[in-house]
Amino acid sequence: MYSDRVLMQVRNLTVDYVGDHSVARAVNGIDFDIREGEAFGLAGESGCGKSTVAFALARLTRLPGLVSGGEVRLNGEDVLKFDKARLKAYRWNEVSFVFQSAMNALNPVIPVSEQIMDVIETHQPDLGAEGARKRASELFDLVGIPSRRLDDYPHQFSGGMRQRICIAIALALQPRLIIMDEPTTALDVVVQRDIIEQIVELKGRLGFSVLFITHDLGLMIEFCDRIGVMYSGELVEVAPAEAILTNPRHPYTRALGNSFPPLIGPRLRMEGIPGTPPDLRSLPEGCRFAPRCPHAMDVCRSVAPELRAYPELRSEAACHLLN
């Protein structure tokens, strides 16, 4: 169970991609909090800005990307203002990452033991090589891999085991927040469930928070405590996972939910969302979802809705239909 105490506070976060003759605003002034012990999800179609947010929180944005505004506060400190020394202490010690595609995240030409020990020795040099190896062995045990396989190479592990190794590396320094960007992509559904169950068990045991990013809304509802739904660089709804499942407020959230087949009950015809997301270099006036929304009104095409709180539902949504 998560706490009401805020661990990370994101305010007016804005990220642009700068070209020679244009600027694409990939994240447009979004606000959200991640609480202690909470699994907070970011959902949405590909290209909506989920991974861009993750890279901004990790201070990994590279040109042509540019964090052009906002604050990311961890216990009152603005991450976006950290110098190199403070940033080194922030990464892995306080916030760590599990990136999409574990095979690409692991170096194929060195044993996985060296990759785990590198993180430990860089941030905790007093442990020495022997202490780092002991910690690496403990981490393997923690994620259910026999420690005798520490010196194997990435290609000697299955996809699910490689993802577990990435989780072990993320847990090496006992961070308070782990950012997981599509951690189960390209894994079959059985392995996906095993990975998610292990993350849930470890989160309950160790008490860290998770920012979980995926386009799979069904998986996110099962794992997360609260979910933020993004569309075209903006948050259109933030609500408890149960509310996203049973009572979504924004038409885009409902459309996302209707795109996934139910596992039980009668067979239903699935309906995709018509049209395509807008070009970030040439955005429509008003609500960005209006050109694809079956409920769009005249005001939707001229006035951008604000993300408003609905305390009775413990949710926030940005839609003129709710006013």
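Here the structure is shown first, and the text comes after it.
Residues numbered from 1 in each chain as written. Predicted model: local features only at pLDDT ≥ 70, side-chain atom pairs only at ≥ 80, totals over all residues. Heavy atoms only, no water.

Peer 1: It is not clear to me how the overall build of the chain should be interpreted in this structure. Could you clarify?
Peer 2: For the chain, the count of helices and strands is ten helices and twelve strands. The C-alpha atoms of the chain give 21 Å as radius of gyration, which agrees with the globular expectation for 323 residues (20 Å, within 12%). The dimensions of the chain, computed from C-alpha atoms along their principal axes, are 65 × 50 × 40 Å. Restricting to contacts in the chain with at least 6 residues of sequence separation, those with at least 24 account for 63%. Surface exposure of the chain reaches about 15,900 Å², of which carbon and sulfur atoms provide 50%. On the chain, the mean spot of the 35 positive side-chain charges and the mean spot of the 41 negative ones are 1 Å from each other. (Helix = DSSP H or I, 4+ residues; strand = E, 2+ residues; numbered from the N terminus. Rg over C-alpha atoms; globule rule 2.2 N^0.38 Å. Contact = heavy atoms within 4.5 Å. Areas by Shrake-Rupley, 256 points an atom, 1.4 Å probe, with all protein chains shown as cover. Lys, Arg positive; Asp, Glu negative; His and termini not counted. Charge placed at Lys NZ, Arg CZ, Asp CG, Glu CD.)

Peer 1: Would you mind showing me how to read the side chain of Ser96 here?
Peer 2: Within the fold, Ser96 resides in strand S6 (residues 95-98). Among the polar contacts made by the side chain of Ser96, one reaches the main-chain carbonyl oxygen of Ala170 at a distance of 2.8 Å. (Polar contact = N/O pair within 3.5 Å; in protein donor to acceptor, adjacent residues only side chain to side chain.)

Peer 1: Any chance you could explain the pairing of strand S2 (residues 23-35) here in plain terms?
Peer 2: Each regular strand shows side chains that alternate between the opposite faces of the sheet. Bridge count for strand S1 (residues 6-18) against S2 is ten bridges, and the pairing is antiparallel. Pairing of Val15 across the sheet is with Val27, part of S2. (Pairing = 2+ DSSP bridges.)

Peer 1: Is there a simple way to explain the nonpolar core in this structure?
Peer 2: Grouped burial of nonpolar side chains is what soluble globular proteins tend to show. Ranked by size, the top nonpolar core spans 61 residues in total, and within it Phe212 and Ile227 carry the most contacts. When residues in this core are grouped by element, the largest group, six residues, is from helix H6 (residues 159-170). Sequence-distant contacts of Phe212, defined by excluding residues within four places in its chain, comprise Phe40, Gly41, Leu42, Met180, Pro183, Ile196, Leu219, Met220, Phe223 and Cys224. Ile34, Leu42, Val72 and Leu177 belong to the second largest nonpolar core, which has 32 residues in total. (Core = buried A, V, L, I, M, F, W, Y, C linked by side-chain atoms within 4.5 Å. Buried < 20%, exposed > 50% of the residue type's maximum accessible area, 1.4 Å probe, protein only.)

Peer 1: Would you mind going over a nonpolar patch on the surface with me for this structure?
Peer 2: Judged by side-chain polarity, Met297, Val299, Val303 and Leu321 come together as a nonpolar surface patch covering roughly 280 Å² of accessible area. Judged by relative accessible area, which is 37%, Leu321 ranks as partly exposed. (Patch = residues over 30% accessible without salt bridge, like charges linked within 9 Å, V, L, I, M, F, W, Y side chains within 5 Å. Salt bridge = Lys/Arg side-chain N within 4 Å of Asp/Glu carboxyl O.)

Peer 1: Explanation requested: the environment of Ala132 in the structure shown.
Peer 2: Along the chain, Ala132 turns up in helix H5 (residues 128-142). Under the relative-accessibility criterion, Ala132 is labelled buried at 0%. Put simply, Ala132 and Gly257 are 125 residues apart on the chain and 45 Å apart in space, counted from C-alpha to C-alpha. Each residue touching Ala132, except ones within four places of it in the same chain, is listed here: Met117, Ile120, Glu121 and Leu127.

Peer 1: In this structure, what is going on with the sheet that holds S1? I would like to understand it.
Peer 2: Sheet strands line up and pair through hydrogen bonds in the backbone, either parallel or antiparallel. Reading across from one edge, S2-S1-S4-S5 is the order of the four strands in this open sheet, with antiparallel pairing throughout. For this open sheet the edge positions go to S2 and strand S5 (77-78), each flanked by a neighbour on one side alone. Contacting S1, S2 and strand S4 (65-74), helix H1 (residues 50-57) crosses the sheet at an angle of about 115 degrees to S1. (Axes fitted to C-alpha atoms, helices over the stretch in contact; angles between N-to-C directions.)

Peer 1: Help me out: how do you make sense of unusual backbone geometry in this one?
Peer 2: With the exception of glycine, the majority of residues adopt a negative phi angle, and the majority of peptide bonds are in the trans configuration. Here the amide bond leading from Leu63 into Pro64 is cis, since omega sits at 10 degrees, within 30 degrees of zero. Looking at the element boundaries, Pro64 is found in the loop between H1 and S4. The residue Arg59 is not glycine, and still its phi comes out positive at about 60 degrees. Of note, Arg59 is situated in the loop between H1 and S4. Judged by relative accessible area, Arg59 falls into the partly exposed class, the value being 24%. The phi dihedral of Gln174 is positive, around 55 degrees, even though this residue is not glycine.

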